[in-house]
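Structural overview for review
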Amino acid sequence: MAKLYERFVAEWLKLHLPSDYSLTAQERIDIGRDKNISFNVDIVLYHKPTGMATYVLDTKYKRKINTNDMQQAIAYAVSKHCQQAILVDPEPLSHSIDEAIGNIRIRSLTFSLNSNLEEAGQAFLTTLIM
């Protein structure tokens, strides 16, 4: 279900992003001196006029976010020189996240599957790009 949710969020965003944004799903990032360490970012949103990554999204399909989830999203943001790391969940967390770690803002946002998907998506998108 986690992979399906990730794909759903990416595909919905591709269809609904404002025209000045583009999206890359499962973007591979190689790090290290020899580029021998890599990971895939679930979703990266780029601002077309500048070509800069503006948001990294890490979709989760669980009820509780842990420290490792936050560290992973922050690492993604650092690697993309991005100041917005977003943890995306299908249900609101009991304790939402909106914190600054250095110059990176990390937030938890909900793209709910429990109601009208178009309305849920628009609410998510509005909250994301505010």
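What you see is a predicted model, and the numbers here were worked out from it, not measured in a lab.

1. Re the nonpolar core
Looking at soluble globular proteins, one finds that nonpolar side chains tend to be buried together. If you look at the biggest cluster of nonpolar residues, it comprises 20 residues, and the most contacted ones within it are L13, L57 and L128. Those elements that place two or more of their residues in this core are α1 (2-16), β1 (21-31), β2 (37-47), β3 (52-59), β4 (84-89) and α3 (117-128). Core analysis: the next-biggest nonpolar cluster, separate from the first, contains 19 residues, A73, Y76, A85 and I104 among them.

2. Focus: the pattern of salt bridges
A full pass over the atoms with the stated rule returns eight salt bridges. Here D30 and R28 are joined by a salt bridge, their closest N and O atoms 2.9 Å apart. The partly exposed category is assigned to D30, whose relative accessible area is 31%. For R28, a relative accessible area of 55% translates into the label exposed. Overlapping salt bridges, with partners in common, bring together D58, K60, K62 and D69 in one network.

3. What about the environment of Q26?
Mapped onto the secondary structure, Q26 falls in strand β1. Placed 20 residues apart in sequence, Q26 and E6 show a C-alpha to C-alpha distance of 9.5 Å. Polar contacts involving the side chain of Q26 include one to the side chain of E6, which spans 2.4 Å.

4. So, the pairing of strand β6 (residues 104-110)
The buried fraction of β6 is high, at five of seven residues. Note that β4 and β6 share six bridges and pair parallel. By the bridge assignment, Q84 is partnered in β6 with R105. Of the strand pairs in this sheet, strand β5 (residues 98-101) and β6 are connected by four bridges, and their pairing is antiparallel. By the bridge assignment, A100 is partnered in β6 with R105. The antiparallel pairing of β5 with β6 creates a hairpin that spans two residues between the two strands, and G102 there sits at a positive phi of about 60 degrees.

About the criteria used
- Residues numbered from 1 in each chain as written.
- Predicted model: local features only at pLDDT ≥ 70, side-chain atom pairs only at ≥ 80, totals over all residues.
- Heavy atoms only, no water.
- Core = buried A, V, L, I, M, F, W, Y, C linked by side-chain atoms within 4.5 Å.
- Buried < 20%, exposed > 50% of the residue type's maximum accessible area, 1.4 Å probe, protein only.
- Helix = DSSP H or I, 4+ residues; strand = E, 2+ residues; numbered from the N terminus.
- Salt bridge = Lys/Arg side-chain N within 4 Å of Asp/Glu carboxyl O.
- Polar contact = N/O pair within 3.5 Å; in protein donor to acceptor, adjacent residues only side chain to side chain.
- Pairing = 2+ DSSP bridges.

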